[in-house]
Amino acid sequence: MGQKNEVLFAQTLERIRKTAKEQGGCVSEEQVREAFAGQGLTEEQLQLVFDYLVKHKVGIGAPVDPDEYLTQEERNYLQDYLDELAGLPTYSSGQVEAFALSAMAGEAEAAQKLIHHYLRDVVDIAKLYTGQGVFLEDLIGEGNMALTMGVSLLGSLEAPSEVQGMLIRLVMDAMEDCIQENASSEKLDKSVADKVNFVADKARELALELHRKVTPGELAQESGLSLRSILNACRISGFQIEDIEYETHIL
């Protein structure tokens, strides 16, 4: 697959995922096939696309069950949290619209009732984003903060009918940003760990040759690694690389 085809493939996948969100978390098999028509995919490759979508909680023909992706710890947290929400009052659509109109005018009490009304929606949205490296409680926390911020911005809207769409979008964006930031952090952590492990491996090799621990200076001279990178790895590891003899001046 050439670079141009890879870009088109990735763009098509992202478009399908967005379509699924708009359709309640699922797309039809026909939609997937039509989206990739002309890209020359075999049946086996299309099946991999279907598997990828299901793995990312895009249902084929019907929404996936988000509860399947919850850990037992998340299930326990969710039940406790839902028990708390059960104590909140429920409102009719007419009441919610009235709260939205009042909140748009800056009425604090109406804004608070609107937040309480949408807390359950935040939970439902968070469940759609589970299994992507962020704990459910954190997703709900990010969603609730976005909800609170969004309610404070309702004065910019022209009609109460726009409120729900704006709040839901803000909540979804906050959760997606949280997942992306977590992925970037995990990637950085892995990079740091790889550097420490690389220095540790080199130190072990030299220590086996010399039959003793080695100093950072010796390791730099024999391995070709810079002394700075070795010392950085030592500090990151908390000076726990066992085959290095730490000199007093670097501690």
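Residues numbered from 1 in each chain as written. Predicted model: local features only at pLDDT ≥ 70, side-chain atom pairs only at ≥ 80, totals over all residues. Heavy atoms only, no water.

A. Structural view of the nonpolar core. Grouped together as the largest cluster of nonpolar side chains are 38 residues, with contacts concentrated most on Leu114, Ile140, Leu147, Leu154, Val163 and Met175. Only helix H4 (72–85), helix H5 (93–104), helix H6 (108–128), helix H7 (136–151) and helix H8 (163–210) provide two or more residues apiece to this core. Considering every element that reaches this core, the biggest residue donor is H6, with ten residues. Discounting chain neighbours no more than four positions away, the residues touching Leu154 are Ala103, Met104, Leu114, Val163, Met166 and Leu167. Ranked by size, the runner-up nonpolar core spans 16 residues in total, among them Ala200, Ala203, Leu219 and Ala233. (Core = buried A, V, L, I, M, F, W, Y, C linked by side-chain atoms within 4.5 Å. Buried < 20%, exposed > 50% of the residue type's maximum accessible area, 1.4 Å probe, protein only. Helix = DSSP H or I, 4+ residues; strand = E, 2+ residues; numbered from the N terminus. Contact = heavy atoms within 4.5 Å.)

B. How the structure looks around the packing of aromatic side chains. In total, this model carries four aromatic pairs according to the counting rule given. Measuring from centroid to centroid gives 5.2 Å for Phe9 and Phe36, while their planes differ by 45 degrees, and the two rings are tilted. Here Phe9 is found in helix H1 (residues 3–22), whereas its partner Phe36 is found in helix H2 (residues 29–36), with 27 residues between them in sequence. Taking the relative accessible area as the measure of exposure, Phe9 reaches 21% and is therefore partly exposed. Each ring, one from Tyr77 and one from Tyr81, has its centre 5.8 Å from the other, and the planes form 15 degrees; the classification is stacked. One end of the pair is Tyr77 and the other is Tyr81, both in helix H4 and four residues apart, which spans about a single turn. Across the pair, Tyr81 and Tyr77 agree in class, each one buried. Members of the aromatic cluster, each reached through a chain of ring pairs, are Tyr77, Tyr81 and Phe135. (Phe/Tyr/Trp six-rings, centres within 6.5 Å; stacked < 30°, edge-to-face > 60°.)

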